[in-house]
Structures are given as structure tokens and as C-alpha cells.
There are 2 protein chains.
Amino acid sequence: MATNRQLGEFDIIEQIFRPLSGQDGLQLSDDVALLSRYDIVTKDLLIAGTHFLPDDPPDMIARKALRTNISDIICKGARPAGYLLGLALPRSCDADWLQQFADGLAQDQQAFGVGLLGGDTTRHAGDGPLVISITLFGKMEQGQEPVLRTGAQPGDLLAVTGTIGDAGLGLAVAQGQLSVAPDADELLIQCYRVPVLRPEFAPMVASHASAALDISDGLIADAGHIASASSLSLYIDLDKVPLSPMAQTWLSTQPDKGSALATLASFGDDYQILFTASPERIPALKSLAEEKGVPFAVIGQCREGEGVSVLCNGKEITPPKRGHDHFVED
Amino acid sequence: MATNRQLGEFDIIEQIFRPLSGQDGLQLSDDVALLSRYDIVTKDLLIAGTHFLPDDPPDMIARKALRTNISDIICKGARPAGYLLGLALPRSCDADWLQQFADGLAQDQQAFGVGLLGGDTTRHAGDGPLVISITLFGKMEQGQEPVLRTGAQPGDLLAVTGTIGDAGLGLAVAQGQLSVAPDADELLIQCYRVPVLRPEFAPMVASHASAALDISDGLIADAGHIASASSLSLYIDLDKVPLSPMAQTWLSTQPDKGSALATLASFGDDYQILFTASPERIPALKSLAEEKGVPFAVIGQCREGEGVSVLCNGKEITPPKRGHDHFVED
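Residues numbered from 1 in each chain as written. Chains lettered and ligands numbered in written order. Predicted model: local features only at pLDDT ≥ 70, side-chain atom pairs only at ≥ 80, totals over all residues. Heavy atoms only, no water.

Caption draft 1: Seen up close, the packing of aromatic side chains. According to the stated counting rule, one finds nine aromatic pairs over all chains in the structure shown. Centroid distance A:Phe275 to A:Phe296: 5.7 Å. Interplanar angle 55 degrees. Geometry classified as tilted. Taken together, the positions of A:Phe275 in strand E9 (residues 273-277) and A:Phe296 in strand E10 (residues 296-303) put the pair 21 residues apart, joining distant regions of the chain. No difference in accessibility class separates A:Phe275 from A:Phe296, as the two residues are buried. Each ring, one from B:Trp97 and one from B:Phe101, has its centre 5.1 Å from the other, and the planes form 15 degrees; the classification is stacked. Residue B:Trp97 and its partner B:Phe101 are both found in helix H3 (residues 95-112); the two are separated by four residues, about one turn of the helix. Look at B:Trp97 and you get buried, because its relative accessible area is 13%. On the accessibility criterion, B:Phe101 (0% relative accessible area) is buried. What links up through ring pairs into an aromatic cluster is the set A:Phe201, A:Phe275 and A:Phe296. Cation over ring: A:Lys286 sits above A:Phe296, and NZ or CZ is 4.6 Å from the ring centre. (Phe/Tyr/Trp six-rings, centres within 6.5 Å; stacked < 30°, edge-to-face > 60°. Helix = DSSP H or I, 4+ residues; strand = E, 2+ residues; numbered from the N terminus. Buried < 20%, exposed > 50% of the residue type's maximum accessible area, 1.4 Å probe, protein only. Lys NZ or Arg CZ within 6 Å of the ring centre and 35° of its normal.)

Caption draft 2: Quick peek at the pattern of salt bridges. Residue and element names in this part refer to chain A. Taken as a whole and judged by the stated rule, the model has 10 salt bridges over all chains. The partner of Asp 108 in a salt bridge is Arg 63, with the nearest N and O atoms 3.3 Å apart. With Asp 108 in helix H3 (residues 95-112) and Arg 63 in helix H2 (residues 58-74), this residue pair connects regions lying 45 residues apart in the sequence. Among the residues examined, Asp 108 registers a relative accessible area of 1% and is labelled buried. Note that Lys 257 and Asp 239 form a salt bridge whose closest N and O atoms lie 3.8 Å from each other. Here the residue Lys 257 occupies a position in helix H9 (residues 257-264), and Asp 239 occupies one in the loop between strand E8 (233-237) and helix H8 (245-252), the gap between them amounting to 18 residues. What emerges from the salt-bridge pattern is a single network uniting Arg 63, Arg 67 and Asp 108. (Salt bridge = Lys/Arg side-chain N within 4 Å of Asp/Glu carboxyl O.)

Function-wise, these values are silent; they only describe arrangement.
See the structure below:
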């Protein structure tokens, strides 16, 4: 039999778990499950060394864990409402560590209007890393449906909020593999540790997007999830992908611009909203986004076919990699 | 600061997480959180080496993980409805292991009428044990409320379904610390690996119990949780605690009967329903239980005061220990 290393996360879902999917499970094809009486729920599990660095500040680990879940809810056009917390604690997490962790939760509970509803705290019998499991519930506005991965149509434009690649650069800086500039480095690490979410954009997603998800595995890989779920192809124009000043500084030092842009678009942990919308929706979205102060950029379009094409300077290129798989670590 | 080893699970909830409790979180004082539009939800996290043995058969690990969560829902008088699954996988869990695990889930999904609604599968970057996080949703019958830990009244009787202590004996057998008799040993290990639940008793809990929970930490410890949440004292008459033939065989070999009974009543993992009900409810419960074929026994009573007294042969005894804390492992 294939070992775990050969069987990736999506294979496991496809081959092992999809047959078990229940009535409200959307065939396990989305980040959320519809619940008949609540609205939507998501569950992301984070492991030290895989989703955050074991020595990251505890309050930031907590906020990242909460935000990666809130991100899934926002991207469906919903409002985060409450959550359950499961913890598998290593021996090194003492009371001081736990209090800092809780302080981080409290800070983001207030920022996003969510409350802790319960959970389970337990400890490794032997050696084991910190594992954080959050289940987060969201509510839709009356009469609105969650925006799934499946709704994109050929002709729809592909757009993304915020900037892309900062968290991936931040991880490289935090691991000592990269330095952009002293103040840039600090900001980049912050982007990796505590992603910037766009809850104020959720109503616009609900009203105008045909498909949406959050970028956790990398822009190109997550665009591929929309393409696959909506049975169409997408192209991404790398020259239109929005970059922060820090990422632009880094890009200016790279010999091959196309390859460097593709690298930024394959980093994980951006937690921005990637969505599709029909072209006639874009003017309304632009004016609403300006009003709310949320930047977004049109970066590509949906077509008949399958797969994701990546363009740079008008030419199709082959990215060094397409995404960051949290399941099969590099 | 106190380290993690000194701060137990309940201290962490009390000191660290209770201030974060949201509107529907019942002050984190119950196994479930009320959701305004679903009904109830529970989340139990299981770690290899703490809640099951790493080499237990994968299908049985899956069924135990599901059942420990279903148990929480049943004990509130509700019907299990669906669940989310989070997995942190060690490298040793290959595709064959995963398929066996999924087969176990499928078996119990059918047995208990639940469907998988989603989740998150991820893998340890380095060494790390299997961690299973399940979030399970339950529905109440129309017009009924979940039975909490807080509703017991002085004068209410304390009762328990099934038999007590088998899972704890089974763990000792599985670890090679004990042998009762060859066929008994096999049954006891089975009780540890796949707890026997009583879903058919849930409607009786909903209609007649004043307080209820499942026994996961041990009969005496979990009775203490009812006493504390309901602000009263309880006594348990160990001579009335129902025992299986296997446990009776083991008991007959023990020099000190009182101490041995107290040991059975302090083992974890029974997953039976411990509940209180006013004395006039007992005849109706007895006849319904006989009709459904679910054994239960009255084993004590609630009084004014606080704490749990343990009686044997009419005399109060001090148990060697009161429960099995999955957080601070022995």
C-alpha cells in the first residue's frame, strides 16, 4: 500500500473520506459544512512546526489559529459567530504560556465578535507537539447563501483582496533564510504570524461573488481548487497580482521576475479572499470596496476547460511550484 | 509560574478559558455548548498514548473517537446527528491504516445515524502522536431541552446505566498488568477499545433526568462534577454499583473489597450515563428501561452540602483515588 507520504491530503479526502460524507457535507468539496439549523461551520487544525513555528509568541499562535478558521467563514460571505477549542499540549506549555495564548484569543474574540463555546484541553502522554483544533461557526445574513467553490462560470473574472506572498516571505525571514530590510523583515514575520483578514469584505462576497475561498495553500494552488470544483479553467496574470512594498523590494532583488512572482503566488498562509465574479459585478464591487477601504485586484479570468494557466508578460510560464501543501511538508 | 504539570485541566478551564466564554458556552461548565440554531455540539480530542493505545486496531481507534463524542450527546438526552473530523497524523499512519480507520468510522456512522460533515487532515512535520479531534452535533426532540450537569436537587437519586470499571480493567489487561481469565480478558480489552453506548436511553434522560453526564474520568470523579455544578453533595453506595461478570471475577480475587470497588469506580473510559432523577421518576424509568433492554441501577443520592461521599458496607471510606484524569497522566 502507498504510505502516508505518497498519499496527499486531497487523495486521502478523495479516496478515504469522501464515501463517508453526510447529507450536509457538500461531498467534502468545500472548506465548510452546511448545517441545517446553524448556518456554517469550519474546522482547521494547526500543528507546531507545520502551521506555525513552535517558538512563535503564544498570543500570536492563538490569533493565527483563530484567524485561519475565521478566514474560511469570511470567504463564504458569512459573519464569524463562535468557536470550540481543542488543545493537545506539550509539557513545555506552562501556565504563563497558556495565559498568553488566552490573551491572544481574547484580543481576536473582541476584534471579530466571536465567543468561545467549549472544547477539550488535554496533554501529550509522551513527547508531542502543540496541536490546536478549532471549530468555528458562522452566520449568513437572512436570505443569503454561503458562496462555495463550485459557482464560477466561464467568463467570470478572478480577483483577490490584499497582497500576496508576504506570509511566505515572513516564514523564510523567521527561519533565517532571508532578509529583505530590517523594518520590512519585522512586518513580513508579522504577516506570517497573524494574517490580516477582511471581514468587512464578507457582505460583498455574499452579494457579488460566484465562487470564493481563502488562500491558505498558495494563490495558484487555491485557484486550482476553484477551477476543479467549478469544472473550468482559470488563468492568472502574475503582473496583476497585488504586492506589498516589502514584497516589491524583495522582487527587485530577484534575477528572474516571472519565477519570483510565481514563487510569491505559490506561498501559503496569505489568508486573503480569492473570488470569481461576473464582469458586470466588478464596478459595484470596486465602489463598495473603496467605501470600506478593502483593496482588491482583478488578476485573471475563468474559461472553458480545466486547470490553471499562469501568465507573465503575456506569456504562459511554468511555476517552480504551485502551492504550499501543509500536509506534505517540504 | 505553575507549570502545566501542576495546573490540571479544570484549573486551566477555570483560570484561563472561562473569562473567554461566549453567550452560548454555558460558562464552559458542561460537556456541550448550546447553539442558537443547531441544537448542541461537543468536541473531544483524543491523543495516542493518552486516550487509546498507539497499537490499537485503527478501526477501533476510530470508533472510540466517535463514541466518546456521541456519548456526550446521548447523555444530554439528544440524538447524534453529524460530525467534523480533524486529524494530526504521524508518519506511521499509511493508506492501509487510514482505510481501516475510515472503515471503523463507517461502521459507527451507520450504527448511530451520523454523517461526516467536513474537517481537516494534516500531518506532523516531525515526530508526533496521532491526534483525533471530533466535533459532533446533536439534535433534541422538539420542545425538549438538553439535560445539563446543573439540574440536580437534594433528594434526587443518583443512577448509572450499564456496568462500571470494565474499561479500566481492560486497559490494565491490554498493558499486560493484569489477567482475569482468557475470555474475560478479551471482553475487557474490547470494553476499553470500543465503549458500549446507550443511545436508546437518551429519550429517558431527556424526559426524566434532572442532571446527567457521561463517565469518562471515572464514576466518583464525574459524580463530583454533578455535585459541584449543582451545588450539592452526593453519596455513592459502592455495594450498589453495577458490575459485569468479568469485574466480579476480578473483585473476588482482591483482598480489600471496599478498596477494590473504589478502584473500579475511579477508572476512566466507562462512557455510561450517570444521572440524577427525583425518586418519583424512578418507577417510570425502570419500566421504560426494561422495555428498551437498557440496564440501570440506583447507586446513591443527592443531599445539601458539597462533595462526594463513598460508602461501602454502610461505612464511609476514602477511595485510593477518585478518577482518571486524562490531562495529568499517571
